[in-house]
Number of protein chains: 4
Amino acid sequence: MGKLFDVVLLILILLSVIFVMVESVRGWPPEVYDYLYYGEWVITIFFSFEYIARIITIKRPARYIFSFYGVIDFLSTIPLYLSFILAGSNFLLTVRALRLLRVFRILKVTRYIGESNKLRKALLDSRPKILVFLFAVLIISIIAGTLMYIVEGEESGFVSIPVSVYWCIVTLTTVGFGDIAPVTPLGQLIAAVIMIMGYGIIAVPTGIVSAEYVKSTGSSKIDDSDYVHVNSQSCRNCNAKKHRDDADYCHKCGTPLHPEDIF
Amino acid sequence: MGKLFDVVLLILILLSVIFVMVESVRGWPPEVYDYLYYGEWVITIFFSFEYIARIITIKRPARYIFSFYGVIDFLSTIPLYLSFILAGSNFLLTVRALRLLRVFRILKVTRYIGESNKLRKALLDSRPKILVFLFAVLIISIIAGTLMYIVEGEESGFVSIPVSVYWCIVTLTTVGFGDIAPVTPLGQLIAAVIMIMGYGIIAVPTGIVSAEYVKSTGSSKIDDSDYVHVNSQSCRNCNAKKHRDDADYCHKCGTPLHPEDIF
Amino acid sequence: MGKLFDVVLLILILLSVIFVMVESVRGWPPEVYDYLYYGEWVITIFFSFEYIARIITIKRPARYIFSFYGVIDFLSTIPLYLSFILAGSNFLLTVRALRLLRVFRILKVTRYIGESNKLRKALLDSRPKILVFLFAVLIISIIAGTLMYIVEGEESGFVSIPVSVYWCIVTLTTVGFGDIAPVTPLGQLIAAVIMIMGYGIIAVPTGIVSAEYVKSTGSSKIDDSDYVHVNSQSCRNCNAKKHRDDADYCHKCGTPLHPEDIF
Amino acid sequence: MGKLFDVVLLILILLSVIFVMVESVRGWPPEVYDYLYYGEWVITIFFSFEYIARIITIKRPARYIFSFYGVIDFLSTIPLYLSFILAGSNFLLTVRALRLLRVFRILKVTRYIGESNKLRKALLDSRPKILVFLFAVLIISIIAGTLMYIVEGEESGFVSIPVSVYWCIVTLTTVGFGDIAPVTPLGQLIAAVIMIMGYGIIAVPTGIVSAEYVKSTGSSKIDDSDYVHVNSQSCRNCNAKKHRDDADYCHKCGTPLHPEDIF
């Protein structure tokens, strides 16, 4: 029963996202927009009831409301109601924009996929490293962007430092739209250096995540249970080191390691 | 004999693919198109006989027909015959399109390469993880695409949410055609965030496959079940060393290694 | 107290960078440029005092001045003063360019982030390998660039070998601006080979860094010298198991493990 | 002495490459081209003498001449002489093209870098796997290219299947020039699938090389000498398996494994 409800909910979420996406396309017959409008209202009302039902039935409503999915559930229902309150011809476009925010509803989908946890964990584990890395990328982009702004100037499309930094990020990430491109020889030389640099440093986050993954999966066969931790204590008789942490006698000469404990 | 047939088949498949590709190019003399047409018919008839011969000679024809290669073999022969049945001047273009489907014939080539199995296995093993990852990429694209549609609007080429989502995938995957590019400062800022995000998360599938590969190849000898760990104990009779950890008798002279345990 | 000063400094550095970036954008009201000009002067004077204070208070000033951060601190203060000395209408643009160099001040930010050390070490460790790799990329680019210059010629935008080499780097690094693109069939074929080659060799630096990282993090317990391999032999006296491979006496009761070897 | 000669040679090679690259740029004063022409002749004559000297002084000249570097050395000297023989105004362009081949001379540089050997070995080791992978990429490109040709047609720039395949390679490798881009909704959908696919499979060669590298560097501590190969022979007395390859007696019961050899 609960499973059926989840599947229906999933289909409604997908339908709703498709409705918003289709509605944004121009050129359909006018009645299509009407049907989509009614469809969106039906789904929105259903989601509103579902949201209220969740709050009523759950033990700690506050915990749900301020949780990640609680906020998403709220954001998924509110935009269409807001389009009522904010009436006025000049607000029409903004209202439509608010309605589009209901696309956030699709995030509900992930709730039903449990396999993503491992992936999320791997991303979270390597997040600090990746953040430091991205910070370095940003600094390089700001400096290289300034350089390109000075070298290329406004004729080549590098109209300001922020735009140059934007171009630099486009280039470093190897996206390369080509809406702005260097035309002077010096600019092209600097661009080549930036690109090769980006080519070299793209390896860093990949290496980090790879290592994180390899570490988490481990080398299968080598069973940890065949290895024991040893300490740096040395035997007072034969000076042998690296005894097992739970050792009472030296493994080399059989002398008690902790006479005070035993006798 | 069978090997010669396979080589001839391989050459014919390659020739056929080249014929279709060459035929699609405009500007050859008219007789070239005629020769290509005849060539395609000869190869198609040969493939048809081969397909029928396979069905007749194989023990379980049904199993072959509905197998991966059976379907490809069928799709490789049918388009040219279809161009007969669907006669009519207004269907000409569609017919040419159906003929192009014969390019699927090239998939036959992979049948003759056995080395690809390992690669396919590695891809299949990490498929669920990659699918979850690609699903996350799609959700990010839909949300970011909607955001860009609201921010940039139709003047910048972001004419609808589907087109914006398409642009987002182009950007996240670092392809960056540049046919659509943000022009407003806020749009460029969001684009920069999307690109850096894409730069950071491209590491995830790479890390997954790397870990999968490292796990499967293992650290040289260790993962191999044909190797066992040996210890430094020496036999009191023949002084042979490196006995298996679970050895009771010397592998060189048969003397008990732990007489106290046995007798 | 010292921490508060650092935070204030960090905010001032960020403010200053934002000021320079905002100033480069055209279209603000004239008074905005005035405010930014005054703001930059205030921050520059503050940084100048800070720089002098550092030199006075530090034991070995010479060591600081010629250190990485000493040079950056100096470069962060000097451009605005230089804009005074190099007065003259025809030098105005250059002066503005020098002022933009103060963006280097942002490099100070990294000083306050300690976590970046590990990342820097990983990059430094794999630097020689990546340099050899990038050298190979450069040679490929020069040869392939010359080839494209001969094949495509000046009509397609490949106006000289340096420009062709620039295009080749843009393509090999998968940036692909599209400002220059091959139009002849042979040029497109060579471009396809270059791209597939670039696709294949992008794996090399990634593999290098991954291996470097995996090596440094190690496979859990195995690489750790604090762990020793134990075998399944059991003591004939107390039945304790998991003795070190080189153990002569039981670590639990001190009984000889191989009496025949000792007596 | 020999080292000095190598350094001079290296500088001359670099100079020569720079000369060819500079000469291809239009817009210098006419005398610059003259100087470059004389410079190229001086270096060519020096290289010719060096080539002849090598052949005379080396023990087995034939082995050098047909070696990788012998062929490069020959290709580095010949183009300028060829420009003499092939005189004639209509051959001028071809001659210039031949002269550009002297860029191959830069490959000499690699001879002086010994550190590249390890990198080359890693690439060679994973070459078969990468080749199979690239073959798969090519098949995908041909099929997807045909699909795009049918869907998009000639109005969008997909003028023939070879051009569509070229576009597909540009897209799959995430280069994305943007000279050709899909405009129909279905074409953009297929393009999105191709891009996400390319994003997913770029992980494969990276994973291969990473695993190859990790394997070659190995997990330091685990000494292979602590492991021995065992075979599948079973003891006729106790049925114990996995005996050392050089074992004469069963390690479990002490029964001779090869009675016919011993008695």
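Fair warning: this is a prediction, and the values are worked out from it, not measured in the lab. Along each chain, numbering runs from 1 in the same order as the chain's sequence is written. To label them, take the chains in the order written and letter them from A, then take the ligands in the order written and number them from 1. Side-chain atom pairs in this predicted model are given and counted only at pLDDT of 80 or more, local residue features only at pLDDT of at least 70, and totals for whole chains, interfaces and linings cover all residues. Calculated side-chain values reflect all of the structure's heavy atoms, with hydrogen atoms and water omitted.

Quick look at the overall build of chain A now. When its secondary structure is counted, chain A shows 12 helices and 2 strands. A run of H or I in DSSP counts as a helix once it spans at least four residues, and a run of E counts as a strand once it spans at least two, with each numbered from the N terminus. N-terminal to C-terminal, the α/β element order of chain A is α-α-α-α-α-α-α-α-α-α-α-β-β-α. Burial classes follow relative accessibility: with a 1.4 Å probe on protein chains only, a residue under 20% of its type's maximum area counts as buried, one over 50% as exposed, and anything between as partly exposed. Among the 263 residues that make up chain A, the fraction classed as buried is 48%. Sequence-distant contacts in chain A: of pairs separated by 6 or more residues, those separated by 24 or more amount to 49%. Accessible areas in this description were obtained via Shrake-Rupley with a 1.4 Å probe; residue shielding takes into account the shown protein chains only. Of the roughly 13000 Å² that chain A leaves accessible, carbon and sulfur atoms contribute 69%. Throughout, a residue-residue contact means that at least one pair of heavy atoms, one from each residue, lies within 4.5 Å.

Before going further, it helps to spend a moment on the UniProt feature "transmembrane region" (unreviewed entry) in chain A. All names here are of chain A. Sites flagged by UniProt as "transmembrane region" (unreviewed entry) map to residues 7-29, 35-53, 65-85, 130-151, 157-177 and 189-211. When the span residues 35-53 is considered, its composition is 100% helix and 0% strand, and the gap between its end C-alpha atoms is 27 Å. The span residues 157-177 carries 57% helix and 0% strand; its end-to-end C-alpha distance comes to 13 Å. UniProt positions are given in the numbering used here, feature names are shortened, and annotations may be inferred rather than shown by experiment.

Right, let's talk about unusual backbone geometry for a bit. Residue and element names in this part refer to chain A. One non-glycine residue with positive phi stands out, namely T174, at about 60°. Position of T174 among the secondary structure elements: in the loop between α9 (161-172) and α10 (185-201). When its relative accessible area of 3% is taken as the criterion, T174 is described as buried.

Attention now goes to the packing of aromatic side chains. Ring pairs shown here join Phe, Tyr and Trp side chains whose ring centres sit within 6.5 Å, with only the six-membered ring taken for Trp; geometry is labelled stacked below 30 degrees between planes, edge-to-face above 60, and tilted in between. This structure, assessed with the given rule, holds 12 aromatic pairs over all chains. Each ring, one from W167 of chain A and one from F177 of chain C, has its centre 5.9 Å from the other, and the planes form 25°; the classification is stacked. One end of the pair, W167 of chain A, is in helix α9; the other, F177 of chain C, is in the loop between α9 (161-172) and α10 (185-201), on a second chain. We note that W167 of chain A, like F177 of chain C, is buried.

A word on the pattern of salt bridges. By definition here, a salt bridge exists when the distance from a side-chain nitrogen of Lys or Arg to a carboxyl oxygen of Asp or Glu is within 4 Å. Taken as a whole and assessed by the stated rule, the structure comprises 8 salt bridges over all chains. With a shortest N-O distance of 3.2 Å, R26 of chain C and E154 of chain A are connected by a salt bridge. Taken together, the residues R26 of chain C in the loop between α1 (2-23) and α2 (30-57) and E154 of chain A in the loop between α8 (127-152) and α9 connect one chain to another. Residue class for R26 of chain C comes out exposed when judged on its relative accessible area of 61%. Note on E154 of chain A: relative accessible area 24%, which makes it partly exposed. Salt-bridge contacts for E50 of chain C lead to R54 of chain C; the nearest nitrogen and oxygen are separated by 2.7 Å. A residue pair is termed a helical-turn pair when its members lie 3 or 4 positions apart in one helix, as E50 of chain C and R54 of chain C do in helix α2 at 4 residues. The pair E50 of chain C / R54 of chain C is uniform in exposure class, with both members buried.

Residues belong to a common nonpolar core when they are buried Ala, Val, Leu, Ile, Met, Phe, Trp, Tyr or Cys residues joined through side-chain atoms within 4.5 Å. Core analysis: the largest hydrophobic core is formed by 137 residues, its most contacted members being W167 of chain A, W167 of chain B, W167 of chain C together with W167 of chain D. W167 of chain C has contacts with M148, F158, I180, A181, P182, A191 and I194 of chain C together with F177 of chain D, leaving out every residue within four places of it along the chain.

Further remarks concern the environment of V20 of chain B. Residue and element names in this part refer to chain B. One can find V20 in helix α1 (residues 2-23). By relative accessible area, V20 is classed as buried at 3%. Separated by 165 residues in sequence, V20 and P185 place their C-alpha atoms 47 Å apart.

Where the model shows low pLDDT, its predicted coordinates should not be examined in detail. All names here are of chain A. Every residue carries a pLDDT, the predictor's confidence in it, which falls somewhere between 0 and 100. On average, chain A scores 72 in pLDDT, and the residues at 70 or more come to 59%. Across chain A, α9 holds the top mean pLDDT of 90, while helix α5 (residues 92-100) sits lowest at 43. Predicted confidence for residues 87-105 stays below pLDDT 50, and this span has 43 contacts to residues more than four positions away or in other chains. Throughout residues 218-225 the model reports pLDDT below 50, and contacts reaching past four residues in sequence, or to other chains, amount to 16 contacts.

All right, on to helix α2 (residues 30-57) of chain B then. Here, expected helix span is obtained from the residue count minus one, scaled by 1.5 Å. The terminal C-alpha atoms of α2 of chain B lie 41 Å apart, and with 28 residues this matches the ideal 40 Å at 1.5 Å per residue to within 8%. Turning to α2 of chain B, its buried residues number three or more, namely L36, G39, E40, W41, I43, T44, F47, S48, E50, Y51 and R54 of chain B.

All names here are of chain A. Residues with no salt bridge and a relative accessible area higher than 30% make up the patches, which join like charges within 9 Å and nonpolar side chains (Val, Leu, Ile, Met, Phe, Trp, Tyr) within 5 Å. Together, L4, F5, V8 and F46 give the surface a local cluster of nonpolar side chains, amounting to about 340 Å² of exposed area. Looking at which element gives the most residues to the nonpolar patch, the answer is helix α1 (residues 2-23), with 3 residues. Along the chain, F46 falls in helix α2 (residues 30-57). For F46, a relative accessible area of 30% gives the class partly exposed.

Here Y35 of chain C lies in helix α2. As a C-alpha pair, Y35 of chain C and V165 of chain C span 130 residues in sequence and 45 Å in three-dimensional space.

It is worth spelling out the side chain of T173 of chain D at this point. Tracing the backbone through its elements, the reader meets T173 of chain D in the loop between α9 (161-172) and α10 (185-201). Nitrogen and oxygen atoms within 3.5 Å of one another constitute a polar contact, given that in protein one can donate a hydrogen and the other can accept it, and given that sequence-neighbouring residues count only through two side-chain atoms. Polar side-chain contacts of T173 of chain D include one of 3.4 Å to the backbone oxygen of V170 of chain D. Beyond its immediate chain neighbours, meaning those up to four positions away, T173 of chain D contacts T174, M195, I196 and Y199 of chain C.

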